[in-house]
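Here's the letter readout for the chains.
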Amino acid sequence: QVELVESGGGLVQAGGSLRLSCAASGDRFSSYAMGWFRQTPGKEREYVASINWSGEFTYYDDSVKGRFTISRDNDKKTVSLQMNSLKPEDTAVYYCVSDITPTGWNREPSEYDYWGQGTRVTVSS
């Protein structure tokens, strides 16, 4: 079992930055891929970014590529999402996710095994 707890959400102006963090419990964190999804009211959960078990490979949705950076620290059992050049359309609840498949390239919500409770990000124009 893995428990994921996000932090770092908040209100920021367009063009600004935020850093989301996710703290994980469990003994097998370092063997799992990790990722971030987001959701706005009335819409399906949307893939944002993911990272393989070692942190060597990262993957991004085209909408955030070049602006967001995902990283992980296996010693601290944390994963982060650095979000720069934020846009109003980035406004959403962001979820930290864990996948027992270590590759990190899955992009469908159903492929992720554990979810955090979410943290809200609001970008004002």
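Procedures and definitions
- Residues numbered from 1 in each chain as written.
- Predicted model: local features only at pLDDT ≥ 70, side-chain atom pairs only at ≥ 80, totals over all residues.
- Heavy atoms only, no water.
- Helix = DSSP H or I, 4+ residues; strand = E, 2+ residues; numbered from the N terminus.
- Rg over C-alpha atoms; globule rule 2.2 N^0.38 Å.
- Buried < 20%, exposed > 50% of the residue type's maximum accessible area, 1.4 Å probe, protein only.
- Contact = heavy atoms within 4.5 Å.
- Areas by Shrake-Rupley, 256 points an atom, 1.4 Å probe, with all protein chains shown as cover.
- Lys, Arg positive; Asp, Glu negative; His and termini not counted.
- Charge placed at Lys NZ, Arg CZ, Asp CG, Glu CD.
- Pairing = 2+ DSSP bridges.
- Axes fitted to C-alpha atoms, helices over the stretch in contact; angles between N-to-C directions.
- Disulfide = S-S within 2.5 Å.

Chemist: Explain the overall build of the chain to me, and be specific about the residues and the numbers.
Modeler: Within the chain one finds zero helices and 11 strands. Its helices and strands taken in sequence order, the chain reads β-β-β-β-β-β-β-β-β-β-β from the N to the C terminus. Since a compact globule built from 125 residues should have a radius of gyration of about 14 Å, the 13 Å found for the chain is in line with a globular shape. In terms of its C-alpha atoms, the chain occupies a principal-axis envelope of roughly 40 × 30 × 25 Å. Counting over 125 residues, the chain shows a buried share of 42%. The long-range share in the chain, meaning contacts at least 24 apart out of those at least 6 apart in sequence, stands at 60%. For the chain, the exposed area adds up to about 6,400 Å²; of that, 46% sits on carbon and sulfur atoms. For the chain, the separation between the mean place of its 13 positive charges and that of its 16 negative charges on side chains is 5 Å.

Chemist: Before we move on, can you summarise the environment of Ser-85 with the specific residues and values?
Modeler: Tracing the backbone shows Ser-85 in the loop between strand E8 (78-83) and strand E9 (92-99). On the basis of relative accessible area, Ser-85 is assigned to the partly exposed category, the value being 41%. Distance from Ser-85 to Gly-15, taken between C-alpha atoms, is 4.2 Å for residues 70 residues apart in sequence. When near neighbours in sequence (up to four residues on either side) are disregarded, Ser-85 contacts Gly-15, Gly-16, Ser-17, Arg-67 and Asp-90.

Chemist: Any chance you could break down the environment of Val-121 for me, citing the residues and the numbers?
Modeler: For Val-121, the position within the fold is in strand E11 (residues 119-124). Non-local contacts of Val-121, meaning those with residues more than four positions away in its chain, are made with Gly-9, Gly-10, Leu-18, Leu-20, Met-83, Asp-90, Thr-91, Ala-92 and Tyr-94.

Chemist: Explain the sheet that holds strand E7 (residues 68-73) to me, and be specific about the residues and the numbers.
Modeler: Strand order in this open sheet of four strands is E1-E3-E8-E7, and the pairing throughout is antiparallel. Both edges of this open sheet fall to strand E1 (4-7) and E7, since each of them pairs with a single strand only. Averaged over all adjacent pairs, the angle separating strand axes in this sheet is 15°, with direction ignored. Here E7 pairs with E8 via six bridges, running antiparallel.

Chemist: Kindly report on the state of the cysteines, identifying the contributing residues and their values.
Modeler: Across all of its chains, the model carries one disulfide by this definition. Paired through a disulfide, Cys-22 and Cys-96 show a sulfur-sulfur distance of 2.1 Å. Here the disulfide of Cys-22 and Cys-96 is left-handed, its torsion about the S-S bond being about -80°. Of the two residues, Cys-22 is situated in strand E3 (residues 18-24) and Cys-96 in strand E9; the sequence distance between them amounts to 74 residues. On the accessibility criterion, Cys-22 (1% relative accessible area) is buried. Look at Cys-96 and you get buried, because its relative accessible area is 0%.

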